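Secondary and tertiary structure notes
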Amino acid sequence: MHTLLQTLSDIVGPSHLLTAPELRARYETDCTGRYHGHAHCVVRPATTAQTSAVLAACHAHRCPVVPQGGNSGLVGGAVPHDAVVLSTERLNRLSPIDTAAAEVVAEAGVRLEILQNACQAAGLVFGVDMASRGSATIGGMVSTNAGGLHVLRYGSMRAQIIGVEAVQADGTIFGKIPGLRKDNTGYNFPSLLTGAEGTLAVVTRAHLLLHPALPHTCTALLALADIESAVILTAHLRLHLPSLHALEIFFAEGMHIVAEHFQQSLPFPEEHSTYLLVECADTTNPLAQLAAALTRPEVQDAAVAEDSVGRERLWRWRERHTEAIRSIGIPHKLDIALPLRSFPAFTREVHRQIIDIAPHAQTILFGHIGDGNLHVNILGLSPDDMTIDEAVFRLVSSYGGSISAEHGIGKTKRPYLLLHRSSEEVSLMRQMKEVFDPHGILNPEVLL
Ligand code: 2HG
Ligand code: ZN
């Protein structure tokens with residue numbers, strides 16, 4: 001280890017090799033507080049060439065490497081266990097925005113918010129947005145195939161990628177930047193590395209496509225009687241709102257937690273069970289279109305905003321869920337996808353099963369109903385007890401759903417991968433891993 005640390009220090013410079021426990025600490029615990037680990041050191045390369053040299057050295061020493069971006073993952077995928085943490089935070093350069101092509105190249109450590117601000121200044125937008133925009137990085141978002149708030153309009157991270165540059169476990173640099181929007185020349189590495197959770201290679205740069213900015217946005221918070229109404233309305237809005245930009249769901253329980261933690265007064269005079277947050281964006285004002293689509297019997301009450309302050313006030317109810325829940329305790333976070341028609345039966349059954357196993361647990365559901373994606377947050381469980389996690393995954397599987405919608409498999413869900421993927425598929429994944437990383441040094445405890 002001493003020789004390896006010396007080599008790493010020579011590559012990145014001593015000030016970018018962190019070995020002291022107090023400097024390593026923030027890289028060893030995840031943002032949920034559920035996962036803690038130990039890093040031999042944190043190494044912070046500033047270039048692809050340095051990343052390559054770091055990996056070659058670790059490979060020669062057969063030392064595990066955990067790539068880490070903003071450390072905002074929820075499945076323990078970037079928490080080290082006796083490994084070197086390769087932090088991408090100094091890989092933070094953004095190319096000038098190519099407005100003619102509507103494209104940009106971002107290094108892995110560029111934070112989403114920085115990319116968004118640069119796009120905005122150029123009259124463009126990046127298709128992926130999410131509450132963790134201040135910490136999430138492009139490399140982490142590629143590696144987890146991040147989704148977020150606008151998947152129903154622009155697709156998830158995979159749909160935004162034109163090209164990647166990455167480094168294999170032994171230090172070999174590969175990939176093509178700039179890439180091309182159309183390029184059918186065999187296996188598609190950007191696609192393969194998206195969602196690979198740093199197990200095949202370390203992504204160092206991504207060539208991303210951008211979209212024209214839509215100057216008119218309006219947002220509505222809708223109060224509904226139940227989840228059945230939410231499903232009916234979701235299907236209706238999808239068909240009748242071509243400008244639909246986001247369609248989110250949460251429930252009374254989450255709303256009360258947010259209200260309490262942030263001292264917000266409730267948005268409606270009456271209590272309701274289910275809430276939808278609907279956003280439309282277009283080149284002309286979509287308000288009339290939204291208002292027409294909302295004249296439905298399912299809508300019990302509604303608050304609409306067109307200005308940024310009012311819209312932000314409505315979004316807070318949804319975006320503040322994660323922080324408000326975290327303020328109560330360390331939640332189990334189960335990010336799942338389901339066919340839309342199964343939402344009512346699943347939500348009833350999941351509450352029932354959790355109460356049967358852990359009567360004192362508190363279950364808060366919220367998520368991206370427009371994408372069939374629910375975040376099942378459960379408070380009051382011990383961090384290591386997987387009984388309920390497993391019961392929920394089995395339930396999801398029985399409805400034909402996925403045990404991970406947008407946060408990856410990480411460590412938490414690794415034992416349950418076969419609930420969603422066939423043994424033939426997992427065996428192919430293992431063979432691919434073997435080709436890219438024959439000594440298994442890249443994020444060895446994640447995914448497979
Ligand atoms: C969101 O949609 C994020 O807000 C976080 O994916 C989900 O905290 C969670 O469980
Ligand atoms: Zn989400």
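The structure presented is a predicted model; accordingly, all values stated were derived computationally and were not measured. (Residues numbered from 1 in each chain as written. Chains lettered and ligands numbered in written order. Predicted model: local features only at pLDDT ≥ 70, side-chain atom pairs only at ≥ 80, totals over all residues. Heavy atoms only, no water.)

Bringing the overall build of the protein into the picture now. From N to C terminus, the protein includes 15 helices and 17 strands. Computed over the C-alpha atoms, the radius of gyration of the protein is 22 Å, within 12% of the 22 Å expected from 2.2 N^0.38 for a compact globule of 448 residues. Structurally, the protein occupies a C-alpha span of about 70 × 55 × 45 Å along its principal axes. Taken across its 448 residues, the protein has 55% of its residues classed as buried. In the protein, of all internal contacts separated by at least 6 residues, the share reaching a separation of at least 24 is 75%. Summed over its atoms, the accessible surface of the protein is roughly 18500 Å², and 53% of this surface lies on carbon and sulfur atoms. Averaging the locations of the 34 positively and 45 negatively charged side chains of the protein gives two centres separated by 4 Å. (Helix = DSSP H or I, 4+ residues; strand = E, 2+ residues; numbered from the N terminus. Rg over C-alpha atoms; globule rule 2.2 N^0.38 Å. Buried < 20%, exposed > 50% of the residue type's maximum accessible area, 1.4 Å probe, protein only. Contact = heavy atoms within 4.5 Å. Areas by Shrake-Rupley, 256 points an atom, 1.4 Å probe, with all protein chains shown as cover. Lys, Arg positive; Asp, Glu negative; His and termini not counted. Charge placed at Lys NZ, Arg CZ, Asp CG, Glu CD.)

Contacts to ligand 1 come from L74, R318, T322, K333, F366, H368, H375, N377, E406 and H407. Within the side chain of T322, an N or O atom sits 2.7 Å from an oxygen atom of ligand 1. E406 has a polar side-chain atom sitting 3.1 Å from an oxygen atom of ligand 1. Protein chains shield 88% of the accessible area of ligand 1, which is 290 Å² for the free molecule. Where the shell around ligand 1 is concerned, the elements lending two or more residues are β16 (362–368) and β17 (373–379). (Near = heavy atom within 4 Å. Polar contact = N/O pair within 3.5 Å; in protein donor to acceptor, adjacent residues only side chain to side chain.)

None of the figures reported here should be taken as evidence of function without further support.
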